[in-house]
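Geometric and topological summary
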Amino acid sequence: MIKETMTPGERIKAVISLQPVDRVPVLPLITLFPACRKGMTNADAIRHPDLATQAIMEIFDEVGGWDGMAFSGYRAYLVPPRVSAVAMVPHILQPGRELPENAAPQFDERETITFEDYALIIKLGWKGFAEKYYPRFLSFPEDKIIAWAERQFHYYIRDMKAWEAKGVPCLVGAMTLSPLMFFSIKRTLINFTLDLHRHPDKVAAALDAVVGDLIDDALYAIKLTGLSCILLALERGGGFYYPLKIFERFEFPYIKRMVEAFASEGFITILHFDNDWTINLPYLKELPKAKCICELDGTTDIFKAKEVLQGHMCIMGDVPASLSALGTPEEMEAYCAQRINVIGKGGGYILSSGCELPPDTKFENFKAMVNAAKMHLPPP
Amino acid sequence: MSELAYALADLHEDRVKRLVREKIDAGVTPMLIVDECRKGMDIVGERYKNKEYFLSELIISGEIFKEAMATVEPMLKASKQAEPIGKMVLGTVKGDIHNIGKDIVATLLKAADFQIYDLGIDVVPSKFVEKLTETGAPILGMSGLLTPAFGAMKETIEAVEAAGLRDKIKIIIGGGIVTEQVRKYVGADAFTDDAAEGVEICKRFISGGEINDKGNDDPRGENKSSY
């Protein structure tokens, strides 16, 4: 084991700022796997989130701890003000409600705004549109969903304090989406792609109309939590889906505007990249230095990311879900050791799962991942 | 190559519509129109392979192709149709409701002249086996985006084996998180996370050509089609 000279909080703060660390920090995105290991169904974890969060803490103790929590517990959806709730809640299907008892929560790809809605959104902004047409999105009464959001916030803060008492910092105080991701979800990938092809100017105007609301929404939420990072969920705008000409007009300018707005108020943006963004990596050098974390899921070339972003932005990731679920501890250790040696060289690397750890993660594999950070020292 | 094929390959939606209509009015046989559209899709596939096109162009060209087919379909029904190049049973496995990748690959396979029996999402193993038996399709495609899908894929392949069909069919799995490790675990013949590559693999299944499983240049060092 490496002799530690920093606390987890100091280690994470330093790595994000691209300062030297005593070892590579390890910070998994951990939600359902501990509850699953403790014998709870996914629906049980949702019905009893305190038990699900307790399960995370038990796993934490069983593996000897890790350096930080992205979220404070099972509740990943924190403080959605009405605008966010309307944007996202209709698309999340839950086990025990829409899905079988032990199914994983899943995303419902269906159209919830029409092509005609672009004109209304351009006129009213997203907030104005969502408020006016609220009943179209959610069948719950408005006061009920606001009360739900307030409860979520209360529990999120309580769990955050419990982690802090264990000496473990929590990072994410708000989540949001890029405007492209937002419309792709609400129009569906296929419809939105056709919109971009057929009506690019209208789409651009709609993106312009929502970006300010998404920024305000995230800043409002994070200021309530007092945490330091805003997670920007990015999947649909990268090179896996679109050529660079689309990225350059419809995705990157908005990412940049959001990151700069967050940075100007002292917040770090976690660029949560799902799917392959390798061809988009050079653009990230235009974002403010040491104000973002480039979080990868195992599909973007992390070695290329290191080459491009060394000295500019911290990199986080990227253990693939299939390795956590199907691999062996030896394979896991080898995978993590390689990343610590190469991506960790010279600093600026957080070892993590690629996106969330899957619920069927093998405990021994997870332990091997956590231990790898404590055993392998990267080259200076 | 015809103007129609290039119009489709260049994603000129309105021009494709106009040309299809003009050809119908001029008495061109519907199968010839379909062939020209398929040639356009072949160009799209080539451009994708050469990294000139992305998934978005596959989606757009697939939609343009579907629109063209909708126009000629009434005439196709009235005429004698050629046999498809292959038949395939497709679905997202039990416990998983993701459909984007499956739907895109289904569109591309239809454009490549495959007869697709799309069972939808959250498909239990017995449904796959039932449809394979009923249609005699020689290919099974299973999609999934979550790790629990691995178990469902394995279970489905076991059910295919138990039904005595395994030797008669080729099986491909697809989805954002499938890897060679997953392919081996579930016992499939091939895997892909790329819709266009999936179509190519299915064409090779049908042609029965030998596939060199060492020739893959996947950046993760894994073989996508080791059958």
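Relevant structure appears above.
Keep in mind it's a predicted model, so treat the numbers as computed, not measured.

**Notes on unusual backbone geometry**
Residue and element names in this part refer to chain A. Cis peptide bonds are those with omega within 30 degrees of zero, and the linkage from Gly317 to Asp318 qualifies with -10 degrees. If you trace the backbone, Asp318 turns up in strand E7 (residues 314-319). Look at Asn275: it is not a glycine, yet its phi comes out positive at around 75 degrees. Within the secondary structure, Asn275 sits in the loop between strand E5 (268-273) and strand E6 (292-295). Assessed through the 20 C-beta atoms surrounding it within 10 Å, Asn275 is described here as buried. Positive phi, normally seen in glycine, also occurs at Cys355, with a value near 60 degrees. Among the structural elements, Cys355 can be located in the loop between strand E8 (349-353) and helix H16 (363-375). Exposure remark for Cys355: the 24 C-beta atoms within 10 Å place this residue in the buried category.

**Things to note about the environment of His376(A)**
All names here are of chain A. Looking at the element boundaries, His376 is found in the segment after H16. Classification of His376 by C-beta neighbours within 10 Å gives partly exposed; the count is 19. Between the C-alpha atoms of His376 and Glu260, which are 116 residues apart in sequence, the distance is 35 Å. Residues in contact with His376, not counting those within four places in the same chain, are Ala337, Ile340 and Asn341.

**Considering helix H7 (residues 148-162) of chain B**
Between its terminal C-alpha atoms H7(B) stretches 21 Å, which fits the 21 Å expected from 15 residues at 1.5 Å a residue. Turning to H7(B), its buried residues are Pro148(B), Ala149(B), Phe150(B), Ala152(B), Met153(B), Thr156(B), Ile157(B) and Val160(B). Structurally, H7(B) contributes buried residues whose contacts are with helix H14 (321-326) of chain A together with helix H6 (125-135), strand E3 (139-143), strand E4 (170-174) and helix H8 (180-186) of chain B. Within two residues after H7(B), Gly164(B) carries a phi angle of roughly 75 degrees, on the positive side.

**Examining the packing of helix H11 (residues 200-225) of chain A against helix H12 (residues 244-264) of chain A**
Residues and elements named next belong to chain A. For the pair H11 and H12, interaxial distance at closest approach is 11 Å and the crossing angle is 20 degrees. Between H11 and H12, the crossing angle belongs to the class labelled roughly parallel. The way H11 lies across H12 gives a crossing that is right-handed. Contacts between H11 and H12 pair Val203, Ala204, Leu207, Val211, Leu214 and Ile215 from the former with Arg249, Phe250, Tyr254, Arg257, Met258 and Ala261 from the latter.

Rules behind the numbers
- Residues numbered from 1 in each chain as written.
- Chains lettered and ligands numbered in written order.
- Predicted model: local features only at pLDDT ≥ 70, side-chain atom pairs only at ≥ 80, totals over all residues.
- Helix = DSSP H or I, 4+ residues; strand = E, 2+ residues; numbered from the N terminus.
- Buried ≥ 20, exposed ≤ 12 C-beta atoms within 10 Å, placed from the backbone.
- Contact = placed C-beta atoms within 7 Å.
- Expected span 1.5 Å × (residues − 1).
- Axes fitted to C-alpha atoms, helices over the stretch in contact; angles between N-to-C directions.
- Parallel < 35°, antiparallel > 145°, perpendicular 65-115°, else oblique.
- Left-handed = near helix turned anticlockwise from the far one by under 90°.

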